[in-house]
Protein chains: 2
Amino acid sequence: MPRKSWTRPMGRLLTGAIAAAVLAGCGGSGGGTAGASVQELMQARNLSEADVVAALKTYTPTGRTDPFVMFASGGHSGQVIVIGIPSMRILKYIGVFTPEPWQGYGFDDQTKALMASSSPRGKDLTWGDSHHPALSETNGDYDGQFLFINDKANARIAVVSLKDFVTTQIVHSPILGTDHGGSFVTPNTDYIIEGGQYPVPLDGSYQPITDFDDKYRGAVMFWKFDRDNGAIDPSQSFAMELPPYMQDLSDAGKLVSDGWAFINSFDTERSHGGDMEGQPPLESGASQNDMDYLHVIDWKKAAEVAAQAGKTRNVQGVRVIPLATAVQEGLLYFVPEPKSPHGVDVTPDGRYLAVSGKLDTHETVYDWSKIKAAIDVKNFEGNDPYGVPIIGFQTALHGQVELGLGPLHTQWDDQGNGYTSLFIESKIAKWSLKDMKVLEKIPVHYNIGHLATPEGDSEHPKGHYVVALDKWSIDRFNNVGPLMPQNMQLIDTSTPQMQLLYDLPIGLGEPHYAQIISADKLNAAQMYSPVGENQVTHQPDPHAITSEDQARVERHGRVVDVYMTAVRSHFKPDRVDVTKGDTVHFHITNLEQTPDATHGFGLGEYDVNLSLEAGKTANVTVVTDKAGVFPYYCTEFCSALHLEMMGYMLVKG
Amino acid sequence: MPRKSWTRPMGRLLTGAIAAAVLAGCGGSGGGTAGASVQELMQARNLSEADVVAALKTYTPTGRTDPFVMFASGGHSGQVIVIGIPSMRILKYIGVFTPEPWQGYGFDDQTKALMASSSPRGKDLTWGDSHHPALSETNGDYDGQFLFINDKANARIAVVSLKDFVTTQIVHSPILGTDHGGSFVTPNTDYIIEGGQYPVPLDGSYQPITDFDDKYRGAVMFWKFDRDNGAIDPSQSFAMELPPYMQDLSDAGKLVSDGWAFINSFDTERSHGGDMEGQPPLESGASQNDMDYLHVIDWKKAAEVAAQAGKTRNVQGVRVIPLATAVQEGLLYFVPEPKSPHGVDVTPDGRYLAVSGKLDTHETVYDWSKIKAAIDVKNFEGNDPYGVPIIGFQTALHGQVELGLGPLHTQWDDQGNGYTSLFIESKIAKWSLKDMKVLEKIPVHYNIGHLATPEGDSEHPKGHYVVALDKWSIDRFNNVGPLMPQNMQLIDTSTPQMQLLYDLPIGLGEPHYAQIISADKLNAAQMYSPVGENQVTHQPDPHAITSEDQARVERHGRVVDVYMTAVRSHFKPDRVDVTKGDTVHFHITNLEQTPDATHGFGLGEYDVNLSLEAGKTANVTVVTDKAGVFPYYCTEFCSALHLEMMGYMLVKG
């Protein structure tokens, strides 16, 4: 059992030495820290030695930046959460699938259109279930340029530009219904992988659930990423039909396994509930078999196949490689994996695949070279009901490590160790890939889902930390009502024994998964320059103006274009006269070229709030359907005369 | 100049003593903290002595709670932010004016109706500009039961129940247009004060801006709070018409000044912009006069007057005391105040009113007894253009303290000191009320708006800290793009010199104002019990079911009621068969009675996400306008078999 040094009795303290650690006061009365000793502070706040170490390892003085930055999903908040490591301070919530007025996301014309463009079947969507962020990679390492994130509920993928930490594109996969195995990127971000979760008829039709085995299918999308344009290219994207198993998480191969993708599954039993019809609920129906199927997919060859005439079927506008074709072309293979597993995580050198058992207590590690060899010589042990060849479990196996109850997810450090979350046992297990044995386990509080290590799913993990994304926080924080925050715990893995450093409550959202990047790989802009940029296109906005002289109101019949500037501390014009029924287009440019010189544009009653960062142009349209006097004002406290930064929209009846 | 001890050169360290502060290791290899010394940690992370002190004063080990809890406004995020002090960890974002899917706010039938009920003129509003939270008070002290918050953009007030930290009511004032002087409560929360900001015609009509002086008005709402029902009672509420000055912040008198309310103003010049019409922009037009008017209002008598027949006018459904009546009845008085001031803050004993100059470098302190005496004997120095009597500046004055550039807001400690934010100078000034002089100033980073001290605007401030709500953060944090976080800085005021302890970035929202309460005054529930409670009504939900046996689907023509349960790890029913065009009402009850046993209900494509805390019932209605197969699933990671907690809604064409 690992020594739990953080619970060591206080009696072992070298109290004399601690007491002697008097931090220099400046003498006399009223002096600075006034001789507060470390021991006095420890006693006053009941801090142990381990607490002192943890405090000094995480505390970040004013003006200091963090060496690592985490991007975590916000879960059903529909956002991405940016967190500094090791300070564990939340730096930003990025609006992605949910409108967010502080940043104006979903409130101006362009972001409204962006969000609407991704809505399946033309219905407005105002939330998403963001699960797995993926940083863009070059040669298998994070390059700090883009972030991708999925929406489980609606099978969408969003692109976030890390130039300004803004969502620029959302695509929707009409065939999947829901997703879970996304986003995961191939080593040069050629493709973004999005695997579906709950089987549905891919053509979107109604089919009785009794036809589940025949008519319901899974699928995986391969979205082509055009880095030059910073956008997904749906025309170059394709999908592969899969059996109606619940595909779960994905990962892309790298180095020796580059060109291949891997997806777990559960419910190969094809149970589909019916707990009021005398069927077992899915939770037991999907847990009968000892093995489910790891999906092994040759995406590189699949891309070539998808480009060939006659090899795909157009399903709801998506180029789909039918399951039979995938089998025929040798694109899809199965390997048995125990038991309703959760994560499949490729090692940094691409040679092994680690599968976390969920309902099995092992980490099951497959050897890619063995899988590849079996594929090459067609060494199979039969097919699944859909004809997919199955590679033997022992054929593919490298080994198993007994970790504990409820393994879910593994990430790597720079020492050849894996860290796996144990949900039921509420621990993280550190284990050696080389020796295939557990080195240490540390409790977490409580019931961890995924975890993150710095660059831990790339070719070059940085080590040093692991962050536990815990699901239950029960007694960790002040009571804020029945809906409790999640707990994100920072753990030091650089010490001989792992040390819990910090509990960060997440008061908005549920981080399912996160990636941590070295801060020096990020290079965001501090403002938009030159003046007049649109945040969605990252191009000069066609309606930008670059000086107050250009401010004007143009009328063309019932359409009014207001070209407005914002600069400390006034809008120009600060008076807009229109007639009831007019369509008013506001085109507002923040002329500032000082970082953090942000303005806002709030127009109550018309549900408008724009965030105008320095140099940015934003547009919003209102139809003035009611006469009256409507103040507009700067919503972002910008200056001493911030409250005076306002104007009136006067609507004559 | 205050000594900046936190920048003391490292050379003054008692390095021997520090080196001797070896925290006990456990000996041998692989031992716990492995003899990490405080000095080693200081060197490794470049921490000064002051940093060590700050770290140990704020670091909060796993499982510990904070002694204070802050409620801050989220600004134009439309939310309330809950933060533990001194750990400076965000515990919760409460949805108020903006839909928020993680907590299901604005996504179920009841919260949708709640939000829609407050929309002016029947238009959907999906954001608000939350500025000033006010905790409910009993005898002038926070009682931890309710929180109120305003929406500046749409003149609304929300009620948040601190039983479960959920918004239960939003009221709208149709006469104000915008607000700023809200929320502020009277000492027993009889009334919630909401002062307007930008003058408009109170009847909501269009009036040319050239009629500003005659047709535009300010106003202040007095919302009657019914504590037994935990709700504002609009039928017992009333308003007072005010001149078209830009009323700013409010405060209620207490003890000797109980029964009176105070509101600052700026722009008594009645400038209203016109920067494209040759007029000066408001920022200069509103800054011409040396003095504006502190409004002094006898709300207790106003309530009596408002109850009398013929004394009010019904304006858009609001009982308004006309300005002339307010004057005639002796309800309204003015006191000159320099110069476009911002905050009016009543001292804990109710005897003085401190006004922060904004464009004047003083804190101007008025003596309530002098104001009251002048009123009693009608000692006035003329009237404003609207007939409001003016009390002489010198008559009312207690004294002035020269603080610095840009005083905005004052709060109190338990030692008789005031802390005033200096926006332009980017400092906080600590000054003695008794001696009327500055004691100390501390820099903040940067450009502070408001500040908060524990219970600092109540009758019994707790002292110990001041928190600076800074507006600019430029170089404080990792670069996350042009839209930068706000900076909330915790400062220790219990030491002989103030000490900066912690920078907390606010990555979502702009906290304008905050209140800090002793944590032991809060008593939130950890779950809803007994099973079946509705979070908006806090009553048993009429559609609740309390066991799986009661789960059922009822059809009445084209209307389908689904009574569903959620418990680890399945929904019952997990299959809902309907016909295209049906109206489906989901009534879902979480049967769990374990704290933190939260489930979710996500139905993609229909834009549904419910948050189902233990014991809660929520309802949502969808019209199934498209045939197909739609998975629904638990969005909140609840159990090992969380992914298996799903069902299908099957819509037959």
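All of the points below concern the structure found in this document. Note that the structure is a prediction, hence the values are computed from the model and not measured. (Residues numbered from 1 in each chain as written. Chains lettered and ligands numbered in written order. Predicted model: local features only at pLDDT ≥ 70, side-chain atom pairs only at ≥ 80, totals over all residues. Heavy atoms only, no water.)

Moving on, we come to the sheet that holds strand β40 (residues 646–652) of chain B. Hydrogen bonding along the main chain pairs the strands of a sheet, whether they run parallel or antiparallel. Residues and elements named next belong to chain B. Spatial strand order, β34-β40-β39-β36-β37: five strands in an open sheet with mixed pairing. If you trace the sheet from one side to the other, it starts and ends with β34 (575–579) and β37 (608–612), each paired once. Neighbour to neighbour, the strand axes of the sheet diverge by 15° on average, direction disregarded. In this structure, β34 lies alongside β40, joined through five bridges in parallel fashion. If you follow R575 over to β40, its bridge partner there is Y648. (Pairing = 2+ DSSP bridges. Helix = DSSP H or I, 4+ residues; strand = E, 2+ residues; numbered from the N terminus. Axes fitted to C-alpha atoms, helices over the stretch in contact; angles between N-to-C directions.)

What follows deals with the pairing of strand β29 (residues 499–506) of chain B. All names here are of chain B. For β29, the buried fraction is high: eight of the eight residues fall into the buried class. As paired elements, strand β28 (residues 486–492) and β29 share seven bridges and run antiparallel to each other. Paired with I491 across the strands is L500, a residue of β29. The antiparallel pairing of β28 with β29 creates a hairpin that spans six residues between the two strands. (Buried < 20%, exposed > 50% of the residue type's maximum accessible area, 1.4 Å probe, protein only.)

In this section: the relation of the copies chain B and chain A. Of the transformation placing chain B onto chain A, the axial shift is 0.0 Å and the rotation is 180°, giving an RMSD of 0.0 Å. Seen this way, the second copy is the image of the first under a two-fold rotation axis. Looking at chain B, 99% of its interface residues are interface residues in chain A too, so the copies touch through the same face. (Least-squares fit on C-alpha atoms with pLDDT ≥ 70 in both. Contact = heavy atoms within 4.5 Å.)

All names here are of chain B. With antiparallel pairing, the four strands of this open sheet are ordered in space as β3-β2-β1-β30. Because the sheet does not close on itself, it has two edges, and the strands there are β3 (89–95) and β30 (514–518). Strand-to-strand twist in this sheet, taken as the mean axis angle between neighbours without regard to direction, amounts to 20°. Examined bridge by bridge, strand β1 (residues 68–73) and β30 share five bridges and lie antiparallel to one another. For F68, the partnering residue across the bridge sits in β30 and is S518.

For the rest of this paragraph, the subject is the nonpolar core. Counting residues in hydrophobic clusters, the biggest one holds 70 residues, and the most contacted among them are A:M70, A:M488, B:M70 and B:M488. Beyond its immediate chain neighbours, meaning those up to four positions away, A:M70 contacts A:I81, A:V82, A:I83, A:I85, A:A452, A:V467, A:M488, A:A514, A:Q515 and A:I516. (Core = buried A, V, L, I, M, F, W, Y, C linked by side-chain atoms within 4.5 Å.)

Two descriptors summarise a pair of aromatic rings, namely the distance from one centre to the other and the angle between the planes of the rings. Here the structure, examined in full by the defined rule, presents 63 aromatic pairs over all chains. Centroid distance A:Y59 to B:Y502: 6.2 Å. Interplanar angle 65°. Geometry classified as edge-to-face. Residue A:Y59 is located in the loop between α3 (49–58) and β1 (68–73), and its partner B:Y502 is located in strand β29; the two belong to separate chains. Owing to a relative accessible area of 7%, B:Y502 belongs among the buried residues under this scheme. For the pair B:F222 and B:F238, a centre-to-centre distance of 5.2 Å together with 20° between the ring planes defines the contact as stacked. Residue B:F222 is located in strand β10 (residues 218–226), and its partner B:F238 is located in strand β11 (residues 231–242); the two are separated by 16 residues in the primary sequence. The exposure class of B:F222 is buried, given its relative accessible area of 0%. Look at B:F238 and you get buried, because its relative accessible area is 1%. Clustering of aromatic rings is evident, with ring pairs tying together A:W260, A:F262, A:Y333, A:W368 and A:F380. Seen from the ring of B:F266, B:K358 lies directly overhead, with NZ or CZ sitting 4.6 Å from the centre. (Phe/Tyr/Trp six-rings, centres within 6.5 Å; stacked < 30°, edge-to-face > 60°. Lys NZ or Arg CZ within 6 Å of the ring centre and 35° of its normal.)

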